[in-house]
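# Tertiary structure, described
The residues making up each chain are set out below.
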Amino acid sequence: MKKMLLVLILMAVAVVIASAVVAGCGDSTTSSTNANADVQKQLDDIKGALPKFAIPMREVGDRFADMNAAAQGGNWALTAYMSKYLNNAMNPTKVTKPEEYKNWAAFYTGPFDPVNKAIAAKDLAAFNTAYTNSISSCNACHEASGYKFVKIVKEDTASD
Ligand code: HEC
């Protein structure tokens, strides 16, 4: 009889332990799902707060004008700096507009490359030609993107 009681008690303990383990697993799965959803929401919120094209393009426009003024003044270090940050200004769009960013990268390494080459060579005549030529590529992308009315013109003075 005593042995029977002992077996029953052991079985009861086993059931309690097993159900505790199962409940524990259940809880941790639910809480990790909640944590994942929470992290995803935070990522979506951060992404939503990053700029798309309009804000970086304002900076591109400013640095584009500043770059020309710097080159005309013979300040090639500033011209190179403006070109570098004109490109870097578009970095948020790698996350917010990855497909359109590819077109920007193709522009900067393609039609805009002669501008960078002229800066590296400190060649003002080559810079003037390349810079003026690049404007039509700026505007071609605006037109292709549905912003035909955003027309870049050559400015004589720095923007900032
Ligand atoms: C890959 C395509 C693309 C290229 C290349 C491009 N742009 Fe843009 N740009 C856009 C788009 C798209 C907009 C409209 C942004 C919006 O409203 O979402 C824009 C808008 C602008 C604006 C108006 C921003 C504002 O809201 O006030 C300026 C200024 C500008 N671009 C300058 C330039 C200059 C300068 C160049 C060349 C050095 C250039 N862009 C090249 C796509 C491009």
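Residues numbered from 1 in each chain as written. Predicted model: local features only at pLDDT ≥ 70, side-chain atom pairs only at ≥ 80, totals over all residues. Heavy atoms only, no water.

## As for unusual backbone geometry
The criterion, for reference: For helices the rule is a DSSP run of H or I covering at least 4 residues; for strands it is a run of E covering at least 2, with both sets numbered from the N terminus onward. Buried residues are those whose accessible area, probed at 1.4 Å on protein chains only, stays under 20% of the maximum for their type, while exposed residues exceed 50% and partly exposed ones sit between those limits.
A positive phi angle is found at Lys122, which is not glycine, with a value near 50 degrees. By secondary structure assignment, the location of Lys122 is in the loop between helix H6 (113-121) and helix H7 (124-144). Assessed through its relative accessible area of 57%, Lys122 is described here as exposed.

## Observations regarding the coordination of the iron atom of the ligand
Expected angles at a metal are 109.5 degrees for tetrahedral coordination by four donors and either 90 or 180 degrees for octahedral coordination by six donors. Filter applied, for reference: A donor here means any N, O or S atom no more than 2.8 Å from the metal (3.2 Å for Na, K and Ca); water is not included, so a site may seem to lack partners.
For the iron atom of the ligand, every protein donor is listed as Met57 (SD) and His142 (NE2), and the spread of their distances is 2.0 to 2.4 Å. By relative accessible area, Met57 is classed as partly exposed at 23%.

## Here's the deal with the nonpolar core
How we decide: For this analysis, a nonpolar core means a set of buried residues of the types Ala, Val, Leu, Ile, Met, Phe, Trp, Tyr and Cys, connected via side-chain atoms within 4.5 Å.
Met67, Leu86, Trp104, Phe112, Val115 and Phe127 are the most contacted members of the largest nonpolar core, which has 21 residues in total. Within the residue set of this core, elements represented by two or more residues are helix H2 (54-72), helix H3 (76-88), helix H5 (98-109), H6 and H7. For this core, the element with the most residues is H7, which contributes five residues.

## What to know about the side chain of His142
We count it as follows: Contacts are residue-level and defined by heavy atoms, with any inter-residue pair within 4.5 Å sufficient.
Structurally, the position occupied by His142 is in helix H7. Here His142 falls in the buried class, since its relative accessible area comes to 14%. If near-sequence neighbours (up to four positions away) are discounted, His142 is found in contact with Met57, Tyr147, Lys148, Val150 and Ile152.

## Some thoughts on the site of the ligand
Formally: Throughout this document, a residue counts as near a molecule or strand when at least one of its heavy atoms sits within 4 Å of that molecule or strand. Polar contact is the term for a pair of N or O atoms within 3.5 Å; when the atoms are in protein, one must be able to donate a hydrogen and the other to accept it, and sequence-neighboring residues count only if both atoms are side-chain atoms.
Near the ligand lie 16 residues; those nearest to it are Met57, Arg58, Cys138, Cys141 and His142. Within the contact set of the ligand, an oxygen atom lies 3.3 Å away from a side-chain nitrogen or oxygen of Arg58. With respect to the ligand, the side chain of Tyr147 contributes an N or O atom lying 3.5 Å from an oxygen atom. Where the shell around the ligand is concerned, the elements lending two or more residues are H2, H5 and H7. At five residues, H2 tops the list of elements feeding residues into the shell around the ligand.

## What to know about H5
The criterion, for reference: Multiplying one less than the number of residues by 1.5 Å gives the expected span of a helix. This arc is taken over the directions from the axis of the helix to the C-beta atoms.
For H5, spanning 12 residues, the distance from its first C-alpha to its last is 16 Å, which sits close to the expected 16 Å at 1.5 Å a residue. Taken together, the buried positions of H5 are Tyr101, Trp104, Phe107 and Tyr108. Projected down its long axis, H5 shows its buried positions confined to an angular sector of 115 degrees, all on one face. H5 presents Glu99, Lys102 and Thr109 as exposed residues on the side facing more than 90 degrees away from its buried surface. Considering only its buried residues, H5 is in contact with H2, H3, helix H4 (92-96), H6 and H7.

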